[in-house]
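Chain by chain, the residues:
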Amino acid sequence: ASGYKDCSKLVANELEAMLLENSQAEESEVRFCAIFWANRVFTFKHCPSRFICMLGASDSRLDIRELAEEGLVPPRQDGCSRDYPLVRDMMEYICHQQPKVLEPAEIGEKELLFPAKTFIAMINFIQKCEDAEKESDKLSEMPIATSSENYFENLIEHAMATDGSVELHILASAGILASASAHPQRFGLLFSNRLAWLKQHLGHINSTTRETMARLLGIVTSVLSASEATALLEEFKSTFQSAPKGRFEDVHGAVCAAGYVSAQCITGLPAVSKKLLSDVMTELVKVGKSGNPWLAGSVAEAFGHIGLRAPLPLPDGDITSLSAKLSMAHPLSMESPFSEEIQGVAEGQMASLGEMDMDKILGEKEKSQATLASLIELLTELLLCKEIKSVQKAAIAFGHLCYVNPTKQLLDVALCALFSLKRSKVEDILFAVGEALSFIWGGLSISADEMLRSNFVSLSKCSNFLSRDAQTCQLESEMVLLKKDDNVERETSREIIVQKLFDELLFSSRKEERCAGAVWLLSIITYCGHHPRVQQILPSIQDAFSHLLGEQNELTQEMASRGLSVVYELGDASTKDELVKSLVGVLSGTTKKKRAVKLMDESEVFEEGTLGEKPGGGNISTYKELCNLANEMGQPDLIYKFMDLANYQVSLNSKRGAAFGFAKIAQQAGDMLRPYFHLLVPKLIRYQYDPNKHIQDAMGHIWRSLVAEPKKIVDQHFNDIMEDLLLQAGSRFWRSREASCLALADILQSRKFHEVEKYLEQIWVMAFRTVDDIKETVRIAGGSLCRAVSLLTIRLSDTSLTLEDDARATIAIVLPFLLSKGITSNVADVQQLSIKTIMKLAKNAGKSIRPQLPDLVICMLESLSGLEDQRLNYAEFHAQRVGIGMEKLESVRIAVSKDSPMWETLELCLQQMDSSVLELLVPRLAQLIRSGIGLNTRVGVAKFISLLAEQVGKEFKHHAGALLKVLVPAIQSEKSSSIRRALASGCAAVVKHAGNSQIQHIFKDSLALYTSGVDKDSQLAGAILLLELSRQANEIFKGYHTLVLPVTFVARFDEEKTICRIFEEIWEENTSSEIVALELYTSDIVPLLIEGITSSSWTEKQKSIKAVVKLGGNAGNSLAPFVQQLLKTLLEEIPGRLWEGKETLLDAVAAVCKGCTKSIIQQSSSDGINTDAIIVAVIAACSRKKRIFCNAALSCLEQVVTAFKDQDFSEKTFPFLLEKCNQSLKLTIDKPSPDDKDIDGSPVSLEKVLACIRASLSTASASTIATKGESIVDILVGVLRSTHPWQVKQPALSAARALIKACGTSIDPQENNDPKQFLEELVIPIVECISSIKVLQVHIEALECLMEIIESAHFRLNLSKHTADLLNAHILELYGLEKNASAKSLMQRMLSSLESHMGNRMLE
């Protein structure tokens, strides 16, 4: 499209035709493109393209309509008025496209020349073109070209076709009226012969169109002849007479037209008989009394229009009686002010006035002809109806009637009627009464022609009295006042109005009356402000409006503030100065209320709902209700608090009201306000953040009007602003607190340190106070202030954004406050904000924070516990009940604290540590170790010391001793394992930087805690400390291995599992191999063991004995030098009193014997302990009464005998063992009770005795076997055939097998001691075990035993044939039942051996 912008005229014409044709195409896309091209290709002045857009305005598609409407608005970059096309060119093109526009519209025209929306767009666009021509060429003083004007009027007339929409008709009729108002004479002449065209629209369905046509008829009437005017009025008269049966729209149009026509005729042009006018008015009154309030309102408006021209040609009637009746309801005499009784019944009497018998007042004659009294009666009735517009029209009609006919009777009646609306709550009615009072006052700068021959609606809407310049208003008023008004009655009415307003309404105890007085007084000074009487009472008006600034009613307050603005415009220099001082006082809160309002019972003190409701229901708003509430609560003095609260509300309202008027005054006052800036600026800043949106808007408007450079003014008065805001932040009124917080939050942004230095701490105080306010909105505002001051503090303490000196000073102010007041606060929000701010300060402040580090570190450490979630404490108290371990819960608490902002802050503090800080910090850390409370604090201080030692390195050496002195006692006295471990870790970290003597003391103290500990906690403390030293100071720990590891080896067997586990870990971490370690430290370990064994403490004995067991099993030859000493100590401990765990002593003996067998044998020849002594001691132990100890001794005996396998102890052991076996078998038969197992003679473990027999048989001599063999076989047979479990029979089988081996290897068959007899006795019991016991181990053991017997029989012994056959049969039977492959294999070998044995016997 842009390529055709500069095309030739020929191409442009073709393009115009194409676009016009396609703008009406069926396809919506085509229509859219046509309008798009029309807008893009041609300039805005191009008439054809604008016509295409007008056509598109009625398109069915929304996007096309919007594009067309966009084309009728000048482009933004070319938005000057001269860019519109000329009206002449536009109308010529329209006429070219639609030639019917050249002719006027016909009566009853039905079809529209263009669619309705196209017509609307067309009319609006052409009117804008006219306005543009008037503005650019100043054609308002020159007549527009007749042809274009006529064409446009014709176009508008055609728009009134019946097919048009209501919107189009309203616009078109308004256009015709605008043209008629501009040239009334020409319009009258043009339509004098076309009255029928105008009259056809008097019955239009739209009331606005009807009223507009009625105005046009009034304009045309001025050029009609008397006969034509008479005929027109007669026509209206007949319409009124048939009104009950007529159409409402026709009657209403006739009423409106009759008013405008009669208003013109009453001027004498044209000359119409007064009789006809009177008759028409009589019919109008009848229409008004027909009962239709809308018609009655129009009738009242019509009479008002007539009254604007001249007094009504109606007889007065009995106005005196009517006036007296109204005066009783609303007396106006200046000498007799209203009494309370009359005020109380005023409205009731006004209501009865509409129902009174008018026959008695007006007389019979007045029934047939209307009088002024009957008209007043109609207007009075209308004032009482519910239709607001009718009430408005009636009120304004009173003013119009009195405008040119200010008779005493009429003025009195009008004022009484108007003042009867003093309690109306409808704003439109109040403004209408104010306009009527202005007409009664007189001195208006508007003529009757302006009101009747234009689109006049009201004084405020048509002439913009409220906002136009004072100079213009003054010139217009002076033109009117040139004609001196000598009417005494009007002067009297002015005094009545003044007295009514100032003595009753403006200071009434009822808010409705005060509102009415404010509206009416503002109307009078606005429309009649330059009248001399108004100028006289300006000071009183100013006081009255100032008083009303504090009203709760928004309308009253707005009227008062606007009134002050008008007073300022009207007043002289002294008045303006006084008004400025007064408003400044109101805004700053220094002005006191000049006049008190008397409170009545029903006087409303608070708005409904402000104080809630009564307990039983109902509002609490009036003075009476507040008194009753105070009495019911038993606190009569509470009413004073209510009134104090009400006064504060009034003061807020006063400030808001003052702001409305002050904004306009500020624009004109200029330099007069400069001296008051120190008072105004702080208040204006604060009130712009008031919770009341209206006060915000009002004060913001003042601020924008008063201050041209806000930043500069704020900087100049920053101190005044801060002092006021900080003071009000602590106010007892929540509104002030909230507004101050929000204002502070805003004003603190981007401030330098020197600006806020003296306020910084106080700002923090107020921020913390408001964040804990009782009112939620204040708390929210306090939160905003907290965030703002936090950001400010962080910025001022950041050395990358602020000078280092300023940063250091900022931290010196804020950080102590946050540590002392913020973190310790009971308010969670304050605590959280303080922690976050402190953390950011520590992060950004750099070296500037060093002077405050000791306080900061100690506070953070204490806060680890102080700010811990209370739910964790609760969980700790109930941990055992829910089955949670204490250590596990403490671990969780510690983990949570390490993720807290306090710990993060501590880590940031470590980065800024130096020697100067350590001098002050270390003593406080030592004190905190002694006196700190709480799990997280004590763990935290220990962890912090560890990190501190790592961070500062060598500088920490000077302080290590002081910390070690408190750490070790703290570890010893601490009960919590988590804290103890943390303290030990900290101690180990400090040891790395300590001196040699200090290190040595630490190791000795640690070992002393364990070895000399009076309780388990001390021992555990020593163990934990040693473990942490091993972990964190391993290089140092290595130098003390000789001192620590021997104790560690012994402590590994402590009965306390925790201690045992810790020392086990120490041992494993510091020894590469246990054997090697024992070789190195056995010489140090043995003395400790001997000392422990001989100790009086059973636990020490038991621990040392367990260590001996371990040592004997692993030390090897390294133990040889000490074996005699160790054995002597052990054997000496075997006799004597039994104690729990003493059986381990026997295990130790066995372990030493097994580990040092050669050494013991070699040293037996000397004076040392020999093997016999060991056997004797162990056998003696086996004879002890306690079964557990006895069983342990038997096990020891078995191990000792086995260890000394080259020595025969059978002569010492067999008698004892055989005796024990016989006792056991006997007791098994007798079945002793379970309670006898620990008494003397109770059965010992038979399997252990059998194990000892087996061990003794392996070393027994042949003679012993020969002498004791039969007894042993008897015992074994008895055991195998008894009901003992397989666990007992299996060692019996092992013993039998050992016996068979002994018989086969050590007995010579040629000797007389042949074992054949007692060996054959074992065969059958063994076979029975195989068949009766299903345990595989027993099967294998029994089969191997049989195998030994058979093999022995095959080589050395000769079994009897009976025994061999029986054995063979049993084995064959068992072979078929056996499933185990190993067992079957043994059986096959047995059968083969038996066959071989039997074969040999047969050969023999």
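Bear in mind that the values here come from a model prediction, so they are computed numbers and not experimental data.

Calculation rules
Residues numbered from 1 in each chain as written. Predicted model: local features only at pLDDT ≥ 70, side-chain atom pairs only at ≥ 80, totals over all residues. Heavy atoms only, no water. Helix = DSSP H or I, 4+ residues; strand = E, 2+ residues; numbered from the N terminus. Buried < 20%, exposed > 50% of the residue type's maximum accessible area, 1.4 Å probe, protein only. Contact = heavy atoms within 4.5 Å. Areas by Shrake-Rupley, 256 points an atom, 1.4 Å probe, with all protein chains shown as cover. Patch = residues over 30% accessible without salt bridge, like charges linked within 9 Å, V, L, I, M, F, W, Y side chains within 5 Å. Salt bridge = Lys/Arg side-chain N within 4 Å of Asp/Glu carboxyl O. pLDDT = per-residue confidence, 0-100. Axes fitted to C-alpha atoms, helices over the stretch in contact; angles between N-to-C directions. Parallel < 35°, antiparallel > 145°, perpendicular 65-115°, else oblique. Left-handed = near helix turned anticlockwise from the far one by under 90°. Nonpolar A, V, L, I, M, F, W, Y, C, P; charged D, E, K, R; others polar.

A.B. asks: Explain the overall build of the protein to me, please; I cannot follow it from the model alone.
C.D. replies: Across its full length, the protein carries 73 helices and 0 strands. Within the protein, the fraction of its 1404 residues that count as buried is 54%. Across the protein, every contact between residues at least 6 apart in sequence was considered, and the portion connecting residues at least 24 apart equals 73%. Approximately 62900 Å² of the protein is accessible, and the part contributed by carbon and sulfur atoms is 51%.

A.B. asks: What am I meant to see in a nonpolar patch on the surface here?
C.D. replies: A cluster of nonpolar side chains, contributed by Tyr 4, Leu 10 and Val 11, occupies part of the molecular surface with about 270 Å² of accessible area. For Leu 10, a relative accessible area of 59% gives the class exposed.

A.B. asks: How do you make sense of the pattern of salt bridges when you look at a structure like this?
C.D. replies: Note that side chains of opposite charge can pair when their charged atoms are close. Evaluation of the coordinates by the stated rule reveals 52 salt bridges. Note that Asp 89 and Arg 88 form a salt bridge whose closest N and O atoms lie 3.8 Å from each other. Under the relative-accessibility criterion, Asp 89 is labelled partly exposed at 29%. Here Glu 804 makes a salt bridge to Arg 808, at a shortest N to O gap of 3.0 Å. Remark: Arg 808 and Glu 804 occur in helix 42 (residues 804-822); sequence separation between them is 4 residues, near one turn of the helix. Taking relative accessible area as the criterion, Arg 808 reaches 31% and is therefore assigned partly exposed.

A.B. asks: Where do I start with the confidence of the model for the protein in this structure?
C.D. replies: The predicted coordinates should not be examined in detail at positions where pLDDT is low. This prediction gives the protein a mean pLDDT of 80; 82% of its residues lie at or above 70. Per-element averaging of pLDDT across the protein places helix 17 (residues 340-353) at the bottom with 35 and helix 11 (residues 207-221) at the top with 95. Per-residue pLDDT stays below 50 along residues 139-145; that stretch engages in 4 contacts with residues further than four places along the chain or on separate chains. The low-confidence segment residues 1232-1242 (pLDDT under 50) makes 11 contacts with residues lying over four places distant or belonging to another chain.

A.B. asks: I'm lost on the environment of Phe 439 in this one. Help?
C.D. replies: Tracing the sequence through the fold places Phe 439 in helix 22 (residues 427-441). Overall, Phe 439 belongs to the buried group, its relative accessible area being 0%. Along the chain, Phe 439 and Ala 397 lie 42 residues apart, while their C-alpha atoms are 9.8 Å from each other. The contacts of Phe 439, once residues within four sequence positions are left out, are Leu 308, Gly 399, His 400, Tyr 403, Leu 444, Met 451, Leu 459 and Arg 490.

A.B. asks: Explain the packing of helix 52 (residues 977-991) against helix 54 (residues 1016-1032) here, please?
C.D. replies: Angle between the axes and distance between the axes: these two values describe a pair of packed helices. Remark: helix 52 packs on helix 54, axes separated minimally by 8 Å, with the N-to-C direction vectors making an angle of 45°. In terms of orientation, helix 52 and helix 54 fall into the oblique class. Crossing hand, helix 52 versus helix 54: right-handed. Where helix 52 approaches helix 54, its residues Arg 980, Arg 981, Ala 984, Ser 985, Cys 987, Ala 988, Ala 989 and Val 991 are matched on the opposing element by Asp 1017, Leu 1020, Ala 1021, Ile 1024, Leu 1025, Glu 1028, Leu 1029 and Gln 1032. Here the contact of helix 52 with helix 54 is built from residues that sort into 10 nonpolar, 2 polar and 4 charged.

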